[in-house]
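Residue strings, one per chain:
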Amino acid sequence: MQLSLEILLLFLGAVAIAGYLVAGSYLRKWMPLFMYAFPVTAVASTLISAFAFGEPSADFTMVFFGWFLNSFWLIAYIAVFPGICGHTGINYAIKYVNPLIVSVMLLLEPAIGSVIGYLVGVSGIPGIWTIIGAPILLLGLGIVTGTAHKREQKEKNKPMEHIKMDEFSEMTDL
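Residues numbered from 1 in each chain as written. Predicted model: local features only at pLDDT ≥ 70, side-chain atom pairs only at ≥ 80, totals over all residues. Heavy atoms only, no water.

S.K.: Looking at this structure, I do not really get the environment of L141. What am I missing?
M.R.: Among the structural elements, L141 can be located in helix α6 (residues 128–156). L141 has contacts with I101, V104, M105 and L108, leaving out every residue within four places of it along the chain. (Helix = DSSP H or I, 4+ residues; strand = E, 2+ residues; numbered from the N terminus. Contact = heavy atoms within 4.5 Å.)

See the structure below:
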């Protein structure tokens, strides 16, 4: 039963990120970065705070302010680099890059994080599966990127006679 729940949660997470990236690719075409990233960050932080406060052993002052004295600089680092630079960077890129490529790039996050953790001395040498998986992910990323690029080039070079008249009128109505 436990394995089924884990698989269900993984599947739901994949569906959620796919929907997020597709919605982001449409919204970011016209929406400024701040207007897109702020509500997403606000909802995420509100939900995380609510879940933390919902823990039976949660103490209000510890949930919301307990981290301040003990680990302010660590939390500030996490907020600035992975939060603002990482996630907001993805929200910025989604306007210009195919969502498929962005989603495949997100798969590299654990491998890159393992290497960075080792380099800064907060984790050990990446495990064998990370060492085996990283080149496979890079190969897959290359294949997906190359295929997406070929598809985009094919669409750009498509002759005009294949466009139906109603599609043409929609294109000229912009």
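S.K.: Whenever I open this one, the side chain of N91 confuses me. Can you help?
M.R.: Note on placement: N91 falls in helix α3 (residues 60–93). Reaching out from N91, the side chain makes a polar contact with the side chain of Y20 at a distance of 2.6 Å. Beyond its immediate stretch of four places on either side in the chain, N91 contacts Y20, R28, L33, Y36 and A37. (Polar contact = N/O pair within 3.5 Å; in protein donor to acceptor, adjacent residues only side chain to side chain.)

S.K.: Can you walk me through the side chain of S25 in this structure?
M.R.: For S25, the position within the fold is in helix α1 (residues 2–27). If we ignore the near neighbours within four places in the chain, the residues touching S25 are I94 and P99.

S.K.: For this particular structure, what's the right way to read the layout of surface pockets?
M.R.: A probe as big as a water molecule, rolled over the atoms, marks out the empty space that is left. Approximately 1,100 Å³ is the volume found for the largest pocket. Considering the residues around the largest pocket, the lining is formed by 32 residues, among which T41, A44, S45, I48 and H87 are closest to the centre. Counting only elements with at least two residues in the lining of the largest pocket, the list comes to α1, α2 (33–53), α3 and α4 (99–106). The leading source of residues in the lining of the largest pocket is α3, at 13 residues. Taken as a whole, the second largest pocket encloses approximately 420 Å³ of empty space. For the lining of the second largest pocket, the elements supplying multiple residues, two or more each, are α3, α4 and α5 (109–119). Counting residues per element, the lining of the second largest pocket draws most heavily on α3, which supplies six residues. (1 Å grid on protein atoms, 1.4 Å probe; cavity = no way out; pocket = protein on both sides within 12 Å on 5 of 7 lines; lining within 4 Å. Points joined across faces, edges and corners; volume = space filled by probe spheres on them.)

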